[in-house]
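# Understanding the architecture of this molecule
Okay, here's what each chain looks like letter by letter:
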Number of protein chains: 2
Amino acid sequence: MALRYDEIVRTGLARQVADLIRAAIMDGRLAIDERLPNEEELAHRFGISRPTVREALKVLAAQNLIRSRRGPAGGTFVTRPDPEGVAQAITDAATLLVGTGSFGREEILVARIETETLCCRLAAANRSAADLERMAAEIALQRQDGLSDEDFCASDVRFHRAIVTATGNGALRLMMHAVIESFIPVTNMLIHRDNERHRAADSHERILQAIAERDGEGAARLIRRHLEGLRGVLDSALERRAAARPPQVSEGEDRTSSDIPRHDDR
Amino acid sequence: MALRYDEIVRTGLARQVADLIRAAIMDGRLAIDERLPNEEELAHRFGISRPTVREALKVLAAQNLIRSRRGPAGGTFVTRPDPEGVAQAITDAATLLVGTGSFGREEILVARIETETLCCRLAAANRSAADLERMAAEIALQRQDGLSDEDFCASDVRFHRAIVTATGNGALRLMMHAVIESFIPVTNMLIHRDNERHRAADSHERILQAIAERDGEGAARLIRRHLEGLRGVLDSALERRAAARPPQVSEGEDRTSSDIPRHDDR
DNA sequence: GACTCTCTATTTGTCAAACCTATTATTGTT
DNA sequence: AACAATAATAGGTTTGACAAATAGAGAGTC
């Protein structure tokens, strides 16, 4: 008999338990909204302690696979995965990637241009009246004076999201969520200083018009031009910025003392 | 002085701690590869106990934000987010959504058609010789006789992934990962019964040819036809299936006893 | 002197047993 | 019948301890 030397497990118990339960959920052995045994029972069944079970459950809860409630009739339940939550998680992850500079500006810009162009075509074909209203409302907001940079950027995000929603395709929307939420801020942070805003709002207006008229090709052409216009502005803005302040390393002030918030000492 | 009545916190301590640390990582107050204080120290600083700190850290570890090592020079470190890991997480989440029927067949199919068409155009423009080789290798594999359904499907996935990779756009690749990995299996499970395979391989061959010749429009047209052909096959397959076995509710056998694997009782 | 081995200190991983707190079903009272 | 007190349940947290892994220092050997 061949003795296998790879049987011993080096991963943590909590990790293993989490993986087991996740697998059970993923392939349907645990149905949606099904109640898992309580923590003590789980600990006993797996032959581990309750804190370890809890670590495992926390991991799964962090991935939105389960939820817990206290009290009788409480317990741990398998959650129905909702597109919104998943989209949010994807966005967070993508934002982090973008933040660390995993992608180049050009990559992000090309991805935006191509995917949003596509969405415009589909949106023109499938948009509802409500979609048009939502987009028009954002444009009106963007035309207001005295809007803060953050508010303008947020409205911009919502406008582009509205286009995606107007495609009427949930699967596409899930993917695009990440693009819109995490790619736009990067491209927009430096832009819209002052009167770039009006040009952006005008572009949005024309795009809306084309989508309203069910002119998919026109809308696609317009948003492509809109985003490619961004590229020029972005490049020059970055150059200006680089010239203005030479490479600096963020001068960590009192980092070690303030990086973790301090509670009272009980 | 206005007393605020919404100050009391109803969320768990572990959750709060996780959120605080995540926020610190996200906006850069905790640098990549920086070492956090050890668990005891964290517990003391936050004014909570170590198991609670550990639950919080597990949550963050589940999101690939931190990693932990034992021993001296060990501890908890902020991880550099890697696109591969994020892509995998996105894929898992998307797979779950698809599995629960959150999206319709038509939605998924349209999303695939549109996004992959786009990728073909970009791939034709940017593909390298290595990309072409990878695609050719998969086609050769798909032409082999005696390939299992799983193996054929896996090769199909790799082929479509190769197209995405050939775009040379990492950001786009991240998004498409979810589409390819989680949308393809759904559309393919029922297909490729017997000799559909040859038609698929032929389609792949023509697409490769077009991409090799830098004919973006041609490649786009071909993959669109390829995927739209799938729609017909899929619809008829599903109808056949529905007719063959009437609505059944999966006859849970001994679910309650086997849903959670049982360890020995120590 | 250079190398290898062992030992130790540090840090995460796991455990046990208790207590706290939120939630709900039940019971009792009006 | 409606409402309020109460008990039971199950997750949330704490305390304190021990186990396991590992980097690095120090002892021993060639």
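Quick notes on the rules
Residues numbered from 1 in each chain as written. Chains lettered and ligands numbered in written order. Predicted model: local features only at pLDDT ≥ 70, side-chain atom pairs only at ≥ 80, totals over all residues. Heavy atoms only, no water. Helix = DSSP H or I, 4+ residues; strand = E, 2+ residues; numbered from the N terminus. Buried < 20%, exposed > 50% of the residue type's maximum accessible area, 1.4 Å probe, protein only. Contact = heavy atoms within 4.5 Å. Areas by Shrake-Rupley, 256 points an atom, 1.4 Å probe, with all protein chains shown as cover. 1 Å grid on protein atoms, 1.4 Å probe; cavity = no way out; pocket = protein on both sides within 12 Å on 5 of 7 lines; lining within 4 Å. Points joined across faces, edges and corners; volume = space filled by probe spheres on them. Nonpolar A, V, L, I, M, F, W, Y, C, P; charged D, E, K, R; others polar. Least-squares fit on C-alpha atoms with pLDDT ≥ 70 in both. UniProt positions renumbered as here; feature names shortened; annotations may be inferred. pLDDT = per-residue confidence, 0-100. Domains from an automatic or database assignment. Buried area = accessible area lost by both parts, 1.4 Å probe. Salt bridge = Lys/Arg side-chain N within 4 Å of Asp/Glu carboxyl O. Polar contact = N/O pair within 3.5 Å; in protein donor to acceptor, adjacent residues only side chain to side chain. Near = heavy atom within 4 Å. Pairing = 2+ DSSP bridges. Axes fitted to C-alpha atoms, helices over the stretch in contact; angles between N-to-C directions. Parallel < 35°, antiparallel > 145°, perpendicular 65-115°, else oblique. Left-handed = near helix turned anticlockwise from the far one by under 90°.

An unreviewed UniProt entry annotates chain A as GntR family transcriptional regulator originating from Cereibacter johrii.

## Thoughts on the overall build of chain A
Assigned secondary structure in chain A consists of 11 helices and 2 strands. Each helix and strand of chain A, placed in order from N terminus to C terminus, yields the pattern α-α-α-β-β-α-α-α-α-α-α-α-α. The buried share among the 266 residues of chain A stands at 45%. For chain A, long-range pairs separated by at least 24 residues make up 71% of all intrachain contacts whose partners lie at least 6 apart in sequence. As displayed, chain A has an accessible area near 14200 Å², and 50% of this comes from carbon and sulfur atoms.

## Some points on empty space enclosed by the protein
Applying the stated criterion to the full structure yields 4 cavities of 30 Å³ or more. The calculated volume of the largest cavity comes to roughly 90 Å³. Contributing to the lining of the largest cavity are Ile90(A), Leu174(A), Met175(A), Ala178(A), Ile90(B), Ala94(B), Leu174(B), Met175(B), Ala178(B) and Phe183(B). Broken down by secondary-structure element, the contributors of at least two residues to the lining of the largest cavity are helix 8 (170-188) of chain A together with helix 4 (83-99) and helix 8 (170-188) of chain B. With 4 residues, the top contributor of residues to the lining of the largest cavity is helix 8 of chain B. The class makeup of the residues in the lining of the largest cavity is 10 nonpolar, no polar and no charged.

## Overview of the side chain of Thr117(B)
Here Thr117(B) is to be found in helix 5 (residues 105-126). In contact with Thr117(B), other than residues within four places in its own chain, are Arg112(B), Ala220(B), Ile223(B) and Arg224(B).

## As for the relation of the copies chain B and chain A
Mapping chain B onto chain A calls for a screw motion: a turn of 180 degrees about the axis and a shift of 0.1 Å along it, with 0.2 Å RMSD after fitting. Considering both components of the superposition, the chain copies are consistent with a two-fold axis. In this assembly the copies share their binding face: 100% of the residues contributing to the interface of chain B also contribute to that of chain A.

## Notes on the UniProt feature "domain: HTH gntR-type" (unreviewed entry) in chain A
The UniProt record annotates "domain: HTH gntR-type" (unreviewed entry) at residues 11-81 of chain A. Overall, residues 11-81 of chain A shows 49% helix and 11% strand. The separation of its end C-alpha atoms is 27 Å.

## Re the confidence of the model for chain A
Chain-level pLDDT for chain A is 83 on average; 81% of the residues reach the 70-or-more range. When the criterion is pLDDT under 50, residues 247-266 of chain A qualifies, and its contacts beyond four places in sequence or with other chains add up to 23 contacts.

## Some points on the domain arrangement of chain A
A common way to state how big an interface is: give the accessible area lost once the parts meet. The domain boundaries assigned to chain A delineate domain 1 (13-78) and domain 2 (84-243). A separation of 39 Å is found between the C-alpha centroids of domain 1 of chain A and domain 2 of chain A.

## Digging into the interface of chain B and chain A
In this assembly, 62 residues from chain B lie in contact with 62 residues from chain A. Of the roughly 5600 Å² buried between chain B and chain A on both sides combined, carbon and sulfur atoms contribute 70%. Counting across the interface, chain B meets chain A through 2 salt bridges. At the junction of chain B and chain A, the tally comes to 6 residue pairs in polar contact (both at pLDDT 80 or more). Broken down by secondary-structure element, the contributors of at least two residues to the side of chain B that touches chain A are helix 1 (13-26), helix 2 (39-46), helix 3 (50-62), helix 4, helix 5, helix 8 and helix 11 (255-258) of chain B. Residue composition of the side of chain B that touches chain A, grouped by class: 37 nonpolar, 10 polar and 15 charged.

## Quick look at unusual backbone geometry
Residues and elements named next belong to chain B. Non-glycine residue Asn64 carries a positive phi angle of around 60 degrees. Inspection of the secondary structure puts Asn64 in the loop between helix 3 and strand 1 (66-69). Residue Asn64 is classed as partly exposed on the basis of its relative accessible area, which comes to 43%.

## Some thoughts on the protein's contact with DNA strand D
With respect to spatial proximity, 23 residues lie near DNA strand D, and among them Arg50(A), Arg54(A), Leu13(B), Thr52(B) and Pro72(B) are the closest. A share of 65% of the atoms of DNA strand D within 4 Å of the protein falls on sugar and phosphate groups. At a separation of 3.1 Å, a sugar or linking oxygen of DNA strand D approaches a polar side-chain atom of Arg70(A). Between DNA strand D and Gly71(A) there is a distance of 3.1 Å, counted from a sugar or linking oxygen to a backbone nitrogen or oxygen. Those elements that provide at least two residues to the surface near DNA strand D are helix 3 (50-62) and strand 2 (75-78) of chain A together with helix 3 of chain B. Here the surface near DNA strand D takes 3 residues from helix 3 of chain B, the largest share from any one element. Each residue belonging to the surface near DNA strand D can be placed in one class, and the counts come to 6 nonpolar, 8 polar and 9 charged.

## What about the pairing of strand 2 of chain A?
Residues and elements named next belong to chain A. Where strand 1 (residues 66-69) lies against strand 2, 4 bridges are found, and the strand directions are antiparallel. Within the sheet, the bridge partner assigned to Ser68 lies in strand 2 and is Thr76. Connecting strand 1 to the next strand, strand 2, in antiparallel fashion are 5 residues, including Gly71 with a positive phi near 85 degrees.

## Some points on the packing of helix 3 of chain A against helix 3 of chain B
Axis separation between helix 3 of chain A and helix 3 of chain B bottoms out at 8 Å; the angle between their running directions is 40 degrees. Judged by the angle between their axes, helix 3 of chain A and helix 3 of chain B are oblique. The chirality of how helix 3 of chain A crosses helix 3 of chain B is right-handed. Residue-level contacts link Arg54(A), Glu55(A), Lys58(A), Val59(A) and Ala62(A) of helix 3 of chain A to Arg54(B), Glu55(B), Lys58(B), Val59(B) and Ala62(B) of helix 3 of chain B. Tallied by class, residues from the contact of helix 3 of chain A with helix 3 of chain B come to 4 nonpolar, no polar and 6 charged.

## Some thoughts on the environment of Arg69(A)
Residues and elements named next belong to chain A. With respect to the helices and strands, the residue Arg69 is situated in strand 1. Once you skip the residues sitting within four places of it in the chain, Arg69 turns out to touch Gly74, Gly75 and Phe77. Among the polar contacts listed, one links the side chain of Arg69 to the backbone oxygen of Ala73, at a separation of 3.0 Å.

## Some details on the pattern of salt bridges
One pass over the full model with this rule turns up 40 salt bridges over all chains. Between Arg67(A) and Asp33(A) there is a salt bridge; the shortest N-O distance is 2.5 Å. A residue pair is termed long-range when its members are at least 10 positions apart, and Arg67(A) in strand 1 and Asp33(A) in the loop between helix 1 (13-26) and helix 2 (39-46) qualify at 34 residues. For Arg67(A), a relative accessible area of 32% puts it in the partly exposed group. Judged by its relative accessible area of 45%, Asp33(A) falls in the partly exposed class. With a closest N to O distance of 2.8 Å, Arg158(B) and Glu138(B) form a salt bridge. Placement of the pair is Arg158(B) in helix 7 (residues 149-166) and Glu138(B) in helix 6 (residues 129-143), with a sequence separation of 20 residues.

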